[in-house]
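What the coordinates show
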Amino acid sequence: MSDLQIRNLRPEEISIAVDWAAAEGWNPGLSDAACFAIPDAQGFFVGELDGEPVATVSCVNYDDRFAFLGFYIVRADLRGSGHGLRIWNAAIAHARPRVIGLDGVVAQQDNYRKSGFQLAYANIRYGGTVAAPPGPPGPPADVVALDTIPFALVEADDATVFPAPRSAFLRAWIKTSGHVGRALLRDGKLAAWGVIRPCRTGRKIGPLVADDRAAAEAVVQALLASADGGEVFLDVPAVNREAIALAEQLGLKPVFETARMYTGPIPPLRLDRVFGVTSFELG
């Protein structure tokens, strides 16, 4: 067998990894590839045999302290061949000496521990079909389009729930065609905000950040109204009981679970404010 050749995916090739993730059942967003390239265009890798892709992985460096790993996939017929370990090591080397996070399938936790990852908590994907909220069109007066909020407020709020700055990514995530963002203001302050985007199947809400369940629900209802119902997915930290209660209130059911793991300490995060994870691939 020929040697595995590992190289960076060019930004326009990141769709390869996204397509493979879709085939694995991860249901990526329709515009994820373009947005994911923004934080670290050198953070996506492909392993090739005779010019054919056989493995992918990403390890996106957000700053000089934190990176996030995703898209770790080996072609089914070549699993166990050692190609996965080689491309994994390339991704880890790209991130060193940063702390690395990932959302891994639960069955792989032991393997991730061998690479220095420790379990922080579980994330649970909830999904189901929801009806568009009843009532007159348009959100309540205190719920506004997210892109009308001063971006500095969104940045500051995101810093309470994510381990590193990701301003350029957030700008793109909010403004990308097809993505809809809503925010709730209380006494002129940002109390909740979220984004819904079209995916291969249905739509996903994420991020969804809120001071409390009532604020999160107000934003969710506005996002659902913009989507006119249909199949919806929400990725929820299992440690946030109010977020789970909201997902269940919406009639959503658990689809699968991931293990959020890190290789070292991260800044304290307000997980009680995380009602929806942005992405299992980029954190």
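This write-up is about the structure you can find in this document. Treat the numbers as computed from the prediction; the structure is a model and nothing was measured.

Okay, the overall build of the protein chain next. Secondary structure assignment for the protein chain yields eight helices and 13 strands. Over its C-alpha trace the protein chain gives a radius of gyration of 19 Å, about what one expects of a compact globule, namely 19 Å for 283 residues. Its C-alpha atoms put the protein chain at 65 × 35 × 30 Å along the principal axes. Of all intrachain contacts in the protein chain linking residues separated by at least 6 positions in sequence, the fraction that spans at least 24 positions is 73%. For the protein chain, the accessible surface area stands at approximately 12100 Å², while carbon and sulfur atoms represent 52% of it. For the protein chain, the centre of its 27 positive side-chain charges and the centre of its 32 negative side-chain charges are spaced 2 Å apart.

Of note, the bond from Arg 96 into Pro 97 is cis; its omega dihedral lies within 30 degrees of zero at 5°. Its place among the elements puts Pro 97 in the loop between α3 (83–95) and β5 (99–105). Each neighbour pair has its own omega, and for Gly 206 with Pro 207 the value is 0°, a cis peptide bond. Mapped onto the elements of the fold, Pro 207 is located in strand β10 (residues 203–210). Of note in the backbone geometry, Phe 71 takes a positive phi value of approximately 55° without being a glycine. Position of Phe 71 relative to the elements: it lies in strand β4 (residues 66–74). Residue Phe 71 is classed as buried on the basis of its relative accessible area of 5%. Residue Asp 187 is not a glycine yet carries a positive backbone phi of 50°.

Now for the packing of aromatic side chains. Going through the model one piece at a time under the given rule, you end up with 17 aromatic pairs. When the ring of Phe 66 is compared with that of Phe 162, the centres are 5.8 Å apart and the planes differ by 90°; the resulting orientation is edge-to-face. Here Phe 66, found in strand β4, pairs with Phe 162, found in the loop between α5 (151–158) and α6 (167–175); they are 96 residues apart in sequence, far enough to count as distant. Note on accessibility: Phe 66 and Phe 162 belong to one class, buried. An aromatic cluster of three or more residues is present, and its members are Phe 36, Phe 44, Phe 71, Phe 169 and Trp 173. When the ring centre of Phe 162 is taken as reference, the NZ or CZ atom of Arg 166 above it lies at 3.9 Å.

The next point concerns α3. With 13 residues, α3 extends 19 Å from end C-alpha to end C-alpha; this agrees with the ideal 18 Å at 1.5 Å per step. Of all the residues in α3, the buried ones are His 83, Gly 84, Ile 87, Trp 88, Ala 91, Ile 92 and Ala 95. For α3, the angular spread of buried residues about the axis comes to 165°, placing them on one side. Buried residues along α3 sit in contact with β1 (5–8), β2 (44–49), β3 (52–61), β4, β5 and α4 (109–114).

What follows deals with the pairing of β4. Burial analysis of β4 places eight of its nine residues in the buried class, the great majority of the element. As paired strands, β3 and β4 are joined by six bridges and run antiparallel to one another. Directly across from Asn 61, in β4, lies its bridge partner Ala 67. As consecutive antiparallel partners, β3 and β4 are separated by four residues. Here β4 runs beside β5; their pairing, made up of four bridges, is parallel. Across the sheet, the residue bridging to Ala 67 is Ile 100, located in β5. Handedness of the crossover is the feature at issue here: the chain leaves β4, passes through α3, returns alongside β5, and the resulting connection is right-handed.

It is worth spelling out helix α1 (residues 14–23) at this point. Among all positions of α1, only Ile 14, Ala 17, Val 18, Trp 20 and Ala 21 are buried. Buried residues of α1, seen end-on, are gathered within an arc of 160° and therefore sit on one face of the element. Gly 25 sits one or two residues past α1 and shows a positive phi near 95°.

The tendency in soluble globular proteins is for nonpolar side chains to be buried side by side. Counting residues in hydrophobic clusters, the biggest one holds 44 residues, and the most contacted among them are Phe 44, Tyr 62, Phe 66, Val 154 and Trp 193. Of all the secondary-structure elements, those providing two or more residues to this core are α1, α2 (32–36), β2, β4, α5, α6 and β9 (189–198). Once residues within four sequence positions are removed from consideration, Phe 44 is found in contact with Arg 7, Asn 8, Leu 9, Ile 14, Phe 36, Ala 37, Val 57, Ser 58, Val 60, Phe 71 and Leu 282. Membership of the second largest hydrophobic core comes to 31 residues, among which are Val 219, Val 220, Leu 224 and Val 236.

Rules used in this analysis
- Residues numbered from 1 in each chain as written.
- Predicted model: local features only at pLDDT ≥ 70, side-chain atom pairs only at ≥ 80, totals over all residues.
- Heavy atoms only, no water.
- Helix = DSSP H or I, 4+ residues; strand = E, 2+ residues; numbered from the N terminus.
- Rg over C-alpha atoms; globule rule 2.2 N^0.38 Å.
- Contact = heavy atoms within 4.5 Å.
- Areas by Shrake-Rupley, 256 points an atom, 1.4 Å probe, with all protein chains shown as cover.
- Lys, Arg positive; Asp, Glu negative; His and termini not counted.
- Charge placed at Lys NZ, Arg CZ, Asp CG, Glu CD.
- Buried < 20%, exposed > 50% of the residue type's maximum accessible area, 1.4 Å probe, protein only.
- Phe/Tyr/Trp six-rings, centres within 6.5 Å; stacked < 30°, edge-to-face > 60°.
- Lys NZ or Arg CZ within 6 Å of the ring centre and 35° of its normal.
- Expected span 1.5 Å × (residues − 1).
- Arc of directions from axis to C-beta.
- Pairing = 2+ DSSP bridges.
- Right-handed = clockwise from strand over helix to strand, strands pointing away.
- Core = buried A, V, L, I, M, F, W, Y, C linked by side-chain atoms within 4.5 Å.

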